[in-house]
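A structural walkthrough
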Amino acid sequence: MKSVDSSDEFANRVAFCVGTGRCGTTFLSEVAALEPEVASSHERERLGATFHMFCKWHSIPVDHEGFLRAKETEILEDLREHRFSFECSALLSHSLEELHERFQSRFVLLIRSPLDTGASFAVRG
């Protein structure tokens, strides 16, 4: 059950950026935040996103509604002050189907060379 009609309220106003860790989601979030009409965030509500990702990865049946309502609250808050809501998070990579269905959202997928990703993790510690 949807609490709002996503085709009207969210159409062309919501996007997510996903990818592997150390692929540039933080950087892209910071660049998007420079645009005054964009509410940009990085890894909001990490616990909920991680739980949803864990359940999807392990095929654990779970009601997606709690996760989606939390996202909806965040997005509606963004849209009160901005024309567009944009969240970057590798943690949302397994939630694309649910996010698109609810918000008619668009997605940016960042891909980085596995060697560069490994080197970045090594430097980061």
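This text goes with the structure placed above it.
Residues numbered from 1 in each chain as written. Predicted model: local features only at pLDDT ≥ 70, side-chain atom pairs only at ≥ 80, totals over all residues. Heavy atoms only, no water.

Brief notes about the sheet that holds strand β1 (residues 14-19)
For clarity, the threshold we go by: Think of it this way: DSSP has to see at least two bridges between two strands before they count as a pair. Think of it this way: any DSSP run of H or I at least four residues long counts as a helix, any run of E at least two long counts as a strand, and we number them from the N terminus. Axis lines are fitted through C-alpha atoms, for helices just across the contact stretch, and the angle between N-to-C directions can take any value from 0 to 180 degrees.
With parallel pairing, the four strands of this open sheet are ordered in space as β2-β3-β1-β4. One side of each edge strand has no neighbouring strand; the edge strands of this open sheet are β2 (38-42) and β4 (106-110). Strand-to-strand twist across the sheet, computed as the mean angle between neighbouring axes with direction ignored, equals 15°. Relative to strand β3 (residues 84-88), β1 runs parallel, the two sharing four bridges. Bridge pairing links Cys-17 to Cys-88 in β3.

Notes on the pairing of β3
Test applied: Three exposure classes are used, based on accessible area relative to the maximum for each residue type with a 1.4 Å probe and protein chains only: buried under 20%, partly exposed in between, and exposed over 50%.
Burial analysis of β3 places five of its five residues in the buried class, the great majority of the element. Every second residue of β3 is oriented toward a common face, with Phe-84, Phe-86 and Cys-88 on one face and Ser-85 and Glu-87 on the other, all of them buried. One ladder, built from five bridges, connects β2 with β3; its direction is parallel. Residue pairing across strands places Ala-39 opposite Ser-85, the latter belonging to β3.

Just distances and angles here, no functional claims.
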